[in-house]
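Below are the chains, spelled out letter by letter.
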Amino acid sequence: YGSFEEACRRFRWRVPGRYNLAEAVCGRHARDPAAAALSYEDERGQTRSYSFAELDRLGNRFATVLAQFGVGRGDRVAIVMPQRPEVLVAHLGISKRGAIAVPLSKLFAAPALEYRLHHSGTSVVVADTPNAAKVDEIADRLPDLRHVLVADPGAPPERNLAVLLDRASDRHSAADTLAEEPAMILYTSGTTGPPKGSLEAHRKLIGFVPPFQLLHNFAPRPDDVFWTPADWAWVGGLFDLLLTAWWCGRPVVGTAWERFDPEAAFALMARHRVTGVFLPPTALRMMMEVPNPRRFGLALRTITSGGEPVNPEIVAWGRESLGVPVHEFYGQTETTFYVGNCSALFPVRPGSMGRVFPGYRVRIMNEAGGEVPLGEVGEISVHRDAPSVLLEYWKDPEATRRKFVGDWFRTGDTARRDRDGYLWFQGRNDDLIKSAGYRIGPAEVEAAMLAHPAVAEAAAVGIPDAVRGQIVKGFVRLKAGTTASPGLAKEIQETVKRRLAAHQYPREIEFVKDFFRTTTGKIKRSELREQEARRQGGSSGGA
C-alpha cells in the first residue's frame, strides 16, 4: 500500500472457515526444528530456550493428558500461573483438544478464583504450587472441578504435570476447529460489579495481527525478539504480544519476576537483544527514573503501550532518552488494539491514542447510537465484523445485549476524533466529570498533572460540589525524594491550568502513597469516588 489511508480503503479480512489457535501460533512453525519460540529466565537467572517444535510436542502431550481426564470439545481448563513455559504448553494442549482455556492471574486470592472457576464451570486447573493451594482451599465449593495439576516438583504423581507429560503420547493432532468455535474465556478486570467472562473464538487472533505489525513498524523482521512483563493471563500479555509474535514466527522472552524492576528490565532487554516490547504506562513511568538508559546497549526498535493513557512525557522520553518511538494503542479484552500508532506511516501525536487501524470500523457514538461531530466527545464503538470481537459474555446474554447497538459494540469508553482521524481518550462513561455544564475527561487532567516533574502517578475524579455539581479532585503519588506540601499542590494545579483550561484543573489535590488498582495494575477511579462518598457521607456523584 502506498499510504496508511490507502491501506484502510483496500484492506479486507480473510477469515478461513476452519482455524485452530495452537496450529496458527505454533504448529505451522514447528516444521522447522530450528525455529526458536521462547527464551525463559527462571528466578535464578538461568535461561532455557525452547523451539516451536519442542513446545508443539509438549502441547500434544498435554492434549493427551486432557483426553485421559475426559476433557473434550468445549470443556473449560483454567491456567493459574506466572510467566513460565507450562502456561504456553497448557494453552497449546487446550487448543489442540478443542477445549476452552480460562487464563487467570496469579494475583487472584482464593475468593476471586472461586468466582471465576465456578462461573466458567472449569473442570481442570493447571497451576504452580502457591496457586494450586488456593484452588485446593476452595475445591469443595467448585462442583465442576475434577483435577488440579501442579507444575512444580514434589506434587503427587497423579497431580504432577511433569510426570503426566512424561508418560503421555505426543501423537495428538490439533482439533479441526471452526474459526467461530470458542477458544478462550477472558475475564474482565471487574472495576464495577462482578467480572464478566468474555467468550473468544479461535478467529480472535487474526484481528490482532495487522495492528501488531503496524505498532511495531512492519514486524516481523528476521532478528525480531519480543518481550512483555505483563501477565500472560491478561489479554495485554497474551494477545497483544505473546501469541501475535508467535503467529509471526518470532521468539518471545519470558521471565519469572515477582515484581517489576526497571533496572532489571533494561538489562534483560539488552541481554536478549529484544527489539519490540509491550510495556504498560506504569512500567514506563518507573523506567523513566532510571538514569542514562542508553548505557545498557539496547537493540530496541519499538515500544508499545496501552491499558491506560500514555502521557506525552513518556513519548518524549522514549524519543529523547532511548531514540525509540513509543506507540500508544487502545483496545479492550472484548475487542483488540484496533486504534494505535505507527510512526513509520504517520506522525505520533503525543497524548493521542492514534488512528483506527485497517480493517476496523470505529464510531464515536452518542447515546442514540449516531456518530457525534468531529471534536465532540462520544462513546467509542467498534463494528462486530472485525474477527477480534467477542462471541458473547459467558452465561450472560443480557450483558451481551446491552453492549451492542445493532452491530456496534459499545466499549463504555469515551473519546473525541480530530479532523485528521486521531482519537483522544477521555475516560470511562462512568468516569466522566460533569462540572458547571462541562464534560471533563479525567485522562486529560491526569496527563496534565503528570507533566509536573514531581508527579509519578495521578488520578482525577469528580466529587460533589454544591455550586458546580461536581469539581475535579486530583490524587497524586509523588516521585521518590519529593515532599508533599500545599505549595506543591498549587504548582500542580497551575500546571493543569496552563496545559488545559481553567474549568478542568483539580480544585483539590490529595497526595497518596499508592492507589487502589485492578489486577492488571490500572488505577481504580471508582474506588477513589467511593472513598470520597464515604468521607462526605453521601453519593459518589459519578457520571
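Higher on the page you've got the structure.
Only a predicted model underlies this, so the values are computations on that prediction, with no experimental measurement involved. (Residues numbered from 1 in each chain as written. Predicted model: local features only at pLDDT ≥ 70, side-chain atom pairs only at ≥ 80, totals over all residues. Heavy atoms only, no water.)

This part takes up the overall build of the protein. If you tally the helices and strands in the protein, you get 16 helices and 26 strands. Relative to a compact globule of 543 residues, whose C-alpha radius of gyration would be 24 Å, the protein shows 23 Å and is just as compact. Each principal axis of the C-alpha atoms in the protein carries an extent, and together these give about 70 × 50 × 50 Å. Taken across its 543 residues, the protein has 59% of its residues classed as buried. In the protein, the share of contacts with a sequence separation of at least 24, taken over all contacts with a separation of at least 6, comes to 67%. Carbon and sulfur atoms form 49% of the exposed surface of the protein, whose accessible area is close to 21600 Å². (Helix = DSSP H or I, 4+ residues; strand = E, 2+ residues; numbered from the N terminus. Rg over C-alpha atoms; globule rule 2.2 N^0.38 Å. Buried < 20%, exposed > 50% of the residue type's maximum accessible area, 1.4 Å probe, protein only. Contact = heavy atoms within 4.5 Å. Areas by Shrake-Rupley, 256 points an atom, 1.4 Å probe, with all protein chains shown as cover.)

Orientation of helix H3 (residues 52–68) relative to helix H4 (residues 85–97), taken along the N-to-C sense of each, is 60 degrees, at an axis distance of 7 Å. One finds that H3 runs oblique with respect to H4. The two elements H3 and H4 meet at a crossing, and its hand is right-handed. For the pair H3 and H4, contact is made by Leu55, Asp56, Leu58, Gly59, Asn60, Phe62, Ala63, Leu66 and Ala67 and by Val89, Ala90, Leu92, Gly93, Ile94, Lys96 and Arg97, respectively. Classifying every residue of the contact of H3 with H4 gives 10 nonpolar, 3 polar and 3 charged. (Axes fitted to C-alpha atoms, helices over the stretch in contact; angles between N-to-C directions. Parallel < 35°, antiparallel > 145°, perpendicular 65-115°, else oblique. Left-handed = near helix turned anticlockwise from the far one by under 90°. Nonpolar A, V, L, I, M, F, W, Y, C, P; charged D, E, K, R; others polar.)

Counted by the stated rule, this structure contains 44 salt bridges. One network of salt bridges, in which partners are shared, links Arg285, Glu457, Arg477, Asp514 and Arg517. (Salt bridge = Lys/Arg side-chain N within 4 Å of Asp/Glu carboxyl O.)

Moving on, we come to the environment of Arg355. Structurally, Arg355 can be placed in strand S15 (residues 354–356). Separated by 68 residues in sequence, Arg355 and Leu423 place their C-alpha atoms 6.2 Å apart. If sequence neighbours within four positions are ignored, Arg355 has contacts with Phe4, Glu5, Tyr338, Val339, Gly340, Phe346, Asp420, Gly421 and Tyr422. Of note is the side chain of Arg355, whose polar atom sits 2.8 Å from the side chain of Glu5. (Polar contact = N/O pair within 3.5 Å; in protein donor to acceptor, adjacent residues only side chain to side chain.)

Of all 9 residues making up helix H14 (residues 442–450), 7 are buried, and the element is well covered by its neighbours. If you check which residues of H14 are buried, you get Pro442, Ala443, Val445, Glu446, Ala448, Met449 and Leu450.

Going through the model one piece at a time under the given rule, you end up with 3 cavities of 30 Å³ or more. Lining the largest cavity, in full, are Leu21, Ala22, Val25, Leu88, His91, Leu92, Ser95, Leu238, Leu242, Leu243 and Trp246. Going through the elements one at a time, helix H2 (21–27), H4 and helix H9 (235–247) are the ones with two or more residues in the lining of the largest cavity. Looking at the lining of the largest cavity residue by residue, the classes come out as 9 nonpolar, 2 polar and no charged. (1 Å grid on protein atoms, 1.4 Å probe; cavity = no way out; pocket = protein on both sides within 12 Å on 5 of 7 lines; lining within 4 Å. Points joined across faces, edges and corners; volume = space filled by probe spheres on them.)

We now examine the sheet that holds strand S26 (residues 508–511). In a beta sheet, neighbouring strands pair by backbone hydrogen bonds and run either parallel or antiparallel. Sheet architecture is open: 3 strands sit in the order S24-S25-S26, paired in mixed fashion. Edge strands, defined here as strands with exactly one partner in the open sheet, are strand S24 (455–465) and S26. On average, each strand axis in the sheet is inclined to that of its neighbour by 25 degrees, with strand direction left out of account. For S24 and strand S25 (residues 469–478), the ladder comprises 10 bridges, and the chain directions are antiparallel. Within the sheet, the bridge partner assigned to Val455 lies in S25 and is Leu478. H14 rests against S24, S25 and S26 of the sheet, and its axis sits at about 140 degrees to S24. The strands touched by helix H15 (residues 486–499) are S24, S25 and S26; relative to S26, the strand with the most contacts, the crossing angle is about 125 degrees. (Pairing = 2+ DSSP bridges.)

For the rest of this paragraph, the subject is the packing of helix H5 (residues 110–120) against helix H6 (residues 129–138). Their axes nearest at 9 Å, the elements H5 and H6 cross at an angle of 70 degrees. As summarised for this structure, H5 and H6 are arranged roughly perpendicular, according to the angle between their axes. Crossing angle aside, the handedness with which H5 passes H6 is right-handed. Residues Ala110, Leu113, Glu114 and Leu117 of H5 pack against Lys134, Val135, Glu137 and Ile138 of H6. The class makeup of the residues in the contact of H5 with H6 is 5 nonpolar, no polar and 3 charged.

Turning next to the nonpolar core. Within the largest apolar cluster, 94 residues are counted, with the highest numbers of intra-cluster contacts made by Leu55, Phe62, Phe239 and Trp246. At 8 residues, the largest contribution of residues to this core is made by H9. Not counting residues within four places of it along the chain, the set of residues in contact with Phe62 comprises Val89, Ala90, Gly93, Ile94, Val126, Leu149, Leu161 and Leu165. (Core = buried A, V, L, I, M, F, W, Y, C linked by side-chain atoms within 4.5 Å.)

Attention now goes to the packing of aromatic side chains. Applying the stated criterion to the full structure yields 18 aromatic pairs. Taking 5.7 Å as the distance between ring centres and 90 degrees as the angle between the ring planes, the aromatic pair formed by Tyr330 and Tyr338 counts as edge-to-face. Members of the aromatic cluster, each reached through a chain of ring pairs, are Phe11, Trp13, Tyr330, Tyr338, Tyr360 and Phe425. Seen from the ring of Tyr393, Lys196 lies directly overhead, with NZ or CZ sitting 5.3 Å from the centre. Positioned above the aromatic ring of Tyr422 is the side chain of Arg355, whose terminal nitrogen or guanidinium carbon lies 5.7 Å from the ring centre. (Phe/Tyr/Trp six-rings, centres within 6.5 Å; stacked < 30°, edge-to-face > 60°. Lys NZ or Arg CZ within 6 Å of the ring centre and 35° of its normal.)

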